[in-house]
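# Inside the fold
Now for the letters of each chain:
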Amino acid sequence: MTGETLYPRLEPLLAQVQKPIQYVGGELNAQVKAWEDVAVHWALMYPDAYEVGLPNQGLMILYEVLNERPDALAERTYAVWPDLAALMREAGVGQFTVDSHRAVRDFDLLGVSFATELGYTNLLEALDLAGVPLHAADRDESHPVVVAGGHAAFNPEPIADFVDCAVLGDGEQVVGDVTDVVKAWKQQGRPGGRVELLARLARVDGVYVPRFYAVSYRPDGAIAAVTRSRDDVPARVGKRTVMDLDEWPYPKQPLVPLAESVHERMSVEIFRGCTRGCRFCQAGMITRPVRERTITGIGSMVDAGLKATGYEEVGLLSLSSADHSEIGQLATELADRYEGTNTGLSLPSTRVDAFNVTLANELSRNGRRSGLTFAPEGGSERIRRVINKTVSKDDLVRTVTTAYANGWRQVKLYFMCGLPTETDEDVLEIAELAVDVIRAGREASGSKDVRCTVSIGGFVPKPHTPFQWAAQASAETIDHRLRVLRQAINADRRIGRSIGLRYHDGKPGVVEGLLSRGDRRVGRVIERVWREGGRFDGWSEHFSYERWTAAAAQELPPLGVDLDWFTTRERTQDEVLPWDHLDSGLDKEWLWDDWQEALSEEEVADCRWTPCYDCGVCPTNGTEIQIGPTGRSLLPLTVV
Amino acid sequence: MARQPEGPPPPPTVQKLRLRYTKRGPLRFASHRDLARALERALRRAQVPMAFSAGFSPHPKISYVGAAPTGAASEAEYVEIGLAQARDPDAVRAALDAALPPGIDVVECVEAAEGGGSLADRIDAATWRVELPGVEPADLGAAVEALLARAEVTVAKRTKNGPRDIDARAAVASASAGGTAGCAILTVVVRQVTPSVRPDDVLAALTAVADLRPPLPPRAVREAQGRLDDSGTVADPLGPDRAARARCQGERATV
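Given the structure is predicted, the values throughout are model-derived calculations rather than measurements. (Residues numbered from 1 in each chain as written. Chains lettered and ligands numbered in written order. Predicted model: local features only at pLDDT ≥ 70, side-chain atom pairs only at ≥ 80, totals over all residues.)

## A word on the domain arrangement of chain A
All names here are of chain A. As far as domains go, chain A holds domain 1 (7–238) and domain 2 (265–368 + 605–635). Contacts between the two partners involve six residues from domain 1 and, on the opposite side, eight residues from domain 2. Here the side of domain 1 that touches domain 2 is composed, by residue class, of two nonpolar, four polar and no charged. (Domains from an automatic or database assignment. Contact = placed C-beta atoms within 7 Å. Nonpolar A, V, L, I, M, F, W, Y, C, P; charged D, E, K, R; others polar.)

What follows is the structure, given as structure tokens:
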């Protein structure tokens, strides 16, 4: 029977695998609805391990939004580790949801949220385990419609053969529209089969159906054109934007797992979008414009969420939380409200700014004062101008010194290397900076017990950013720069022992680069890697660079391109980019001009503070930035 | 001198409650750490006024006693919690049970009697019931007999530091076979020893002495924990607290 539970067959397998709790569901606030009671069934997947996927806000939001509809249900599924996958294949148990252990194969839709491209092989593994044909073209109307979402869906071309559609932008409203279309098609007796359903979906704002767009190539390997094959689908697909976040206070009932997860706290998204204009940052570019949740909206989400979860820490999430127009008041009033309750409040990594130390002091009033994280991203002032994240070295040292003087003992600094125009000297400045930070910190705190951790990884150029045309640095370049940086930090042991260096080598970044800016030809590489055992590519113990380069060397040259062509090659202005027909709202000319300004080390202003419509998002989408202050304040909670 | 947080120290423990809870259904796959996290969060949701330790990272006062292994179900897990304000044990039981996921059910809550000794001191053995699908009761019976006839049976136990040989026989206080055709049931009383002997180890011993090889994964349930008395029964570890409370209520009634 469709929708039947697989649990009795799964249970004997669970006794034989690592961390079986991740497969049994039963999380606090999980929802189980009867299969027959609803018209449309969604399986929502985060294509990574449960411990990473469960805390994902996007999936949690859609899970609740869909389950609130009386005519739909949503259940969750995560990537299965190889130990269980092998047993499932042996026993003939398919990919299942954790809520009711129903077969993913039975659902109408499989929505997959891609925060990173390194989840693509896990998509193929899940489809194969589910018994769903890998290629969209081989599916019939009995198979789920495979929908990709998340930031990586802004260039879904590398997985175009494997997904039926991709959804661009905010998911809250579009999942409802998709549900309506599927429901109507089913109720009408599935007219026109799968193709008709996909054609109807392609007419939903924000939904891209790759099969209705043909790609042709030029002799030099570049794309000649992307043309639609039906005239009832849009020539360019736009993104969805949710306005008024206060109307979407999700998740209202955050999921709390029994198993350990990567975020042992609840999160409240305090605004969406970012206009800082950091040129490397895809999230900041594709989520424009800025839309703030109000202080009162945030206050009630924090209150309701804590009551619903029992968590003792709340993260105030966004791309640059200190930029919220009411952040100072919010920090003070939340700290007042939870005084004496052992409730911790935190901001994720912040910009380098003394104000952020004041904020962090306020937020940590009720909890620990352990570590502060800043993200200067670029090692030298010059490179910080290139990436448009301008902060002077003096400001940086002053900010960090303030933190140490306020009792913080550990400061984490995030950097990237391999940025456009970067030289060894830019990266070596990180070492000088860290040494200055420790010297100043020892002086300010009067203690040798201060630490600074430098965390650094290779930069990967992303679609829909000014750096989408840039040549990616090779793995050798990245590894060389990391090596000289390590040597420089260790040069003076008396200081160097207070500095920790955490880094990722350059190889995974090359693969991420191939998948980020790849086109449909890259799909063959993904499929070969998966066939040869590639899974969990975001995990160093599973990732194999050799498997990826070997697959690329076999699949790409016959098509006239290679790995370097997709990664270390700089693109020209006239090149058709694989994602040009997908509209993030950003004007391509504005992006190009910003790229040119980056090369000449010019900065650009933030439209949050200076009116500007240059990037094109607001006029294209009919949106406006939404910011406060509202003038309201948080009332004390009534004692229950 | 170690740094101390500013402000007054946390309020002291005024009441200790002892709970028996279960691990049923799919939640038998929860590890001890999973259960500990779930319990701490449930205590917050149920607004139980916990006492906290002092220091920069205050922790609620919770002491766990011998957690059942991951994959094993249990009807008898025990924990003691310290409260900063006294509460009615029955109300705490109900509130906490409602705040925990189904399968982790709080079945008893009693106030610890003063001077009655620690909960851990009242537990030195456990009764296990192990279902063995695909095994015939007669085969299990023969294997149990062979095991009991031996003075020592060495099995390899997986530990953090690699495999280690342990004696699985000495810890077995009693064992018997039962069940129905196609699914034998082993009932075994195991003493608490170090390194611990778990149902898996007893099954490994049955394989060693009688080549008993269950074709399907066995399902173990811990049915009771407590002090093993001379008659071979496992005594209820909350018994003394319950008796003290009854006595105390009795005295009150006579005043």
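## Points about the UniProt feature "domain: DUF2344" (unreviewed entry) in chain B
Here, UniProt's "domain: DUF2344" (unreviewed entry) annotation points to residues 16–199 of chain B. As annotated, residues 16–199 of chain B has a helix share of 21% and a strand share of 37%, and its two end C-alpha atoms lie 31 Å apart. (UniProt positions renumbered as here; feature names shortened; annotations may be inferred. Helix = DSSP H or I, 4+ residues; strand = E, 2+ residues; numbered from the N terminus.)

## What to know about unusual backbone geometry
Residue and element names in this part refer to chain A. With omega at -5 degrees, the peptide bond leading from Tyr250 into Pro251 counts as cis. Structurally, Pro251 can be placed in the loop between β9 (237–238) and β10 (266–269). Geometrically, the link from Arg288 to Pro289 is a cis peptide bond, its omega value of -5 degrees lying close to zero. The backbone of Arg190 shows a phi angle near 55 degrees, a positive value even though the residue is not glycine. On the basis of neighbour count, Arg190 is assigned to the partly exposed category, with 14 C-beta atoms found within 10 Å. (Buried ≥ 20, exposed ≤ 12 C-beta atoms within 10 Å, placed from the backbone.)

## What to know about the interface of chain A and chain B
Taken together, the contacts link 19 residues of chain A with 21 residues of chain B. For the side of chain A that touches chain B, the residue count by class is eleven nonpolar, five polar and three charged.

## A short note on the domain arrangement of chain B
All names here are of chain B. Domain annotation of chain B identifies domain 1 (15–121) and domain 2 (123–226). With centres defined by C-alpha atoms, the gap from domain 1 to domain 2 works out at 28 Å. Taken together, the contact between domain 1 and domain 2 spans twelve residues of the former and ten residues of the latter. For the side of domain 1 that touches domain 2, the leading source of residues is strand β3 (residues 73–83), giving five residues. Broken down by class, the residue content of the side of domain 1 that touches domain 2 amounts to nine nonpolar, two polar and one charged.

## Describing the sheet that holds β10 of chain A
All names here are of chain A. What the three strands build is an open sheet, ordered β10-β13-β14; its pairing is parallel. In the strand order of this sheet, the two ends are held by β10 and β14 (344–346), each with one partner. This sheet shows a mean twist of 25 degrees between the axes of neighbouring strands, independent of strand direction. Contacts from helix α9 (residues 295–309) reach β10 and β13 (313–317) within the one sheet, and its direction differs from that of β10 by about 160 degrees. (Pairing = 2+ DSSP bridges. Axes fitted to C-alpha atoms, helices over the stretch in contact; angles between N-to-C directions.)

## What about the environment of Asn155 of chain A?
Residues and elements named next belong to chain A. Position of Asn155 among the secondary structure elements: in the loop between β4 (145–149) and β5 (165–167). For Asn155, a count of 27 C-beta atoms within 10 Å gives the class buried. Excluding residues that lie within four positions of it along the chain, Asn155 makes contacts with Pro463, Ser516, Pro578, Trp579 and Leu582.

## Regarding the nonpolar core
Grouped together as the largest cluster of nonpolar side chains are 214 residues, with contacts concentrated most on Trp42, Val147, Val163, Cys165 and Ala434 of chain A. Look past the residues within four positions of Ala434 of chain A in its chain and what remains in contact with it is Cys452, Val454, Ile489 and Ile499 of chain A. (Core = buried A, V, L, I, M, F, W, Y, C linked by C-beta atoms within 7 Å.)

## Section: the pairing of strand β6 (residues 154–159) of chain B
Within a regular beta strand, the side chains point alternately toward one face of the sheet and then the other, so they alternate between its two faces. Residues and elements named next belong to chain B. Relative to strand β7 (residues 162–167), β6 runs antiparallel, the two sharing six bridges. Within β7, the position partnered with Val155 by the bridge is Ile166. Remark: two residues form the turn of the hairpin made by β6 and β7, two consecutive strands paired antiparallel.

## Observations regarding helix α21 (residues 588–599) of chain A
All names here are of chain A. The first and last C-alpha atoms of α21 sit 17 Å apart over twelve residues, in line with the 16 Å expected at 1.5 Å per residue. Every buried residue of α21 is accounted for by Leu591, Asp594 and Ala598. The arc that holds every buried residue of α21, seen down its axis, measures 60 degrees, which confines them to one face. Of the surrounding elements, those touching the buried residues of α21 are α12 (381–386). Following α21 by one or two positions, Glu601 has its phi on the positive side, about 60 degrees. (Expected span 1.5 Å × (residues − 1). Arc of directions from axis to C-beta.)

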